[in-house]
Amino acid sequence: MEFFKGSSTYNFLAQGKILFGVSIVFVLFSLFLIFSKGLPFGIDFAGGTVVQIKYEGIAPIDQVR
């Protein structure tokens with residue numbers, strides 16, 4: 001079974017400068033997004049339960065534990 005018939009040659013390196021420029025644009029755009037919006041933290045950094053207790057004096061550490 002042949003996917004490519006004949007002896008075709010493809011010159012991928014002819015567009016090397018153009019593709020290098022495109023990749024630089026993508027890298028700069030991704031760095032801009034990271035510094036402007038920050039990294040989106042996953043579910044590990046969201047959610048959970050926060051319990052706040054207020055004491056009138058010194059908190060009894062042994063009872064809290």
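Residues numbered from 1 in each chain as written. Predicted model: local features only at pLDDT ≥ 70, side-chain atom pairs only at ≥ 80, totals over all residues. Heavy atoms only, no water.

*Asks:* Go over the overall build of the chain with me, naming the residues and quoting the values.
*Replies:* Check the secondary structure of the chain and you find two helices and zero strands. Here the chain holds 65 residues, and the buried ones make up 0% of them. Carbon and sulfur atoms make up 66% of the accessible area of the chain, which totals about 7200 Å². (Helix = DSSP H or I, 4+ residues; strand = E, 2+ residues; numbered from the N terminus. Buried < 20%, exposed > 50% of the residue type's maximum accessible area, 1.4 Å probe, protein only. Areas by Shrake-Rupley, 256 points an atom, 1.4 Å probe, with all protein chains shown as cover.)

*Asks:* Could you give me a rundown of the environment of Tyr55, with the residues and numbers involved?
*Replies:* If you trace the backbone, Tyr55 turns up in the loop between α1 (16-37) and α2 (61-64). Residues contacting Tyr55, with those up to four places away along its chain left out, are Pro60 and Val64. (Contact = heavy atoms within 4.5 Å.)

*Asks:* So, a nonpolar patch on the surface: which residues are in play, and what are the values?
*Replies:* Taken together, the side chains of Phe20, Ile24, Val27, Leu28, Leu31, Ile34, Phe35, Leu39 and Phe41 define a hydrophobic patch exposed on the protein surface, amounting to about 970 Å² of accessible area. Position of Val27 among the secondary structure elements: in helix α1. (Patch = residues over 30% accessible without salt bridge, like charges linked within 9 Å, V, L, I, M, F, W, Y side chains within 5 Å. Salt bridge = Lys/Arg side-chain N within 4 Å of Asp/Glu carboxyl O.)

*Asks:* For the environment of Ile53, give the residues involved together with the corresponding values.
*Replies:* If you trace the backbone, Ile53 turns up in the loop between α1 and α2. Looking at Ile53, the relative accessible area reads 58%, which means it is exposed. Between the C-alpha atoms of Ile53 and Val64, which are eleven residues apart in sequence, the distance is 10.0 Å.

Any link to function would need more than the numbers given here.
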